[in-house]
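Chain residues, written in single-letter form:
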Amino acid sequence: MWGCMKKIMLFSGILFILVLAYIAFHAIAYFSILHFFDISPRAERMLLATFIFLAASFFVATLLSHWYNNVFTRGYYFLAGSWIGLLINLVLFFVLALIVALIGSRLGID
């Protein structure tokens, strides 16, 4: 009995950390775009709505692909997975750009 409960608690903890990382990656990408690019307030709201939609789309696509198997759900799941791949690369790029900017400011390069 307790062994099963330990597995459930471990799974819940790992799932919580993964969802937290997923949200953090979206937040890092969103705020990095705002920092590195000059965006108007209207475009900023549209960007936020887009990021919220894209963040939710993977979970929706996963559920839909398990309930229905058709061309739309497979395509939607593929696009949602592609977004996650793009997001990971985008965050890695912004982290690298931040590191280069910090090193440049330490060396006095603008």
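For the structure, see preceding data.
What you see as residue numbers is a count from 1 along each chain, following the sequence as written. In keeping with the model being predicted, local features are shown solely for residues with a pLDDT of at least 70 and side-chain atom pairs are shown and tallied solely at 80 or more, while totals for entire chains, interfaces and linings include all residues. The basis for every side-chain value is the complete set of heavy atoms in the structure, and neither hydrogens nor water enter the calculation.

Draft legend 1. Focus on the overall build of the chain. Along the backbone of the chain there are 3 helices and 0 strands. In the chain, the succession of helices and strands from N to C terminus is α-α-α. The size measure is the radius of gyration over C-alpha atoms, and the globule rule it meets is 2.2 Å times the number of residues to the 0.38 power. For 110 residues, the compact-globule estimate of 2.2 N^0.38 gives 13 Å, and the chain exceeds it by more than 25% at 19 Å. Whether a residue is buried, partly exposed or exposed follows from its accessible area with a 1.4 Å probe, protein chains only, as a fraction of its type maximum: under 20%, in between, or over 50%, in that order. Across the 110 residues that make up the chain, the buried fraction comes to 19%. A separation threshold of at least 6 residues defines the contact pool for the chain, and within that pool the share at least 24 residues apart is 51%. Per-residue accessibility takes into account occlusion by the displayed protein chains alone, with areas from the Shrake-Rupley method and a 1.4 Å probe. If you sum the accessible surface of the chain, you get close to 8700 Å²; carbon and sulfur atoms cover 77% of it. By definition, any uninterrupted DSSP run of H or I lasting at least four residues is a helix, any uninterrupted run of E lasting at least two residues is a strand, and each is numbered from the N terminus. Contact definition: two residues touch when any of their heavy atoms are within 4.5 Å.

Draft legend 2. Broad picture of helix α3 (residues 71–106). Compared with the 52 Å implied by 1.5 Å per residue over 36 residues, the 52 Å span of α3 between its first and last C-alpha is a close match. Buried residues of α3: T73, Y76, A80, W83, I84, L87, V91, F94 and G104, and no others. Under the rule applied, a polar contact is a pair of N or O atoms within 3.5 Å (in protein, one hydrogen donor and one hydrogen acceptor; residues adjacent in sequence only if both atoms are side-chain atoms). Put simply, N70 is the residue that caps the front of α3, since its side-chain oxygen is 3.1 Å from the backbone nitrogen of F72. Backbone geometry just after α3 places G108 at a positive phi near 85°. Take the residue count of a helix, subtract one, and multiply by 1.5 Å to get its expected span.

Functional significance is not addressed by these values, which are geometric in nature.
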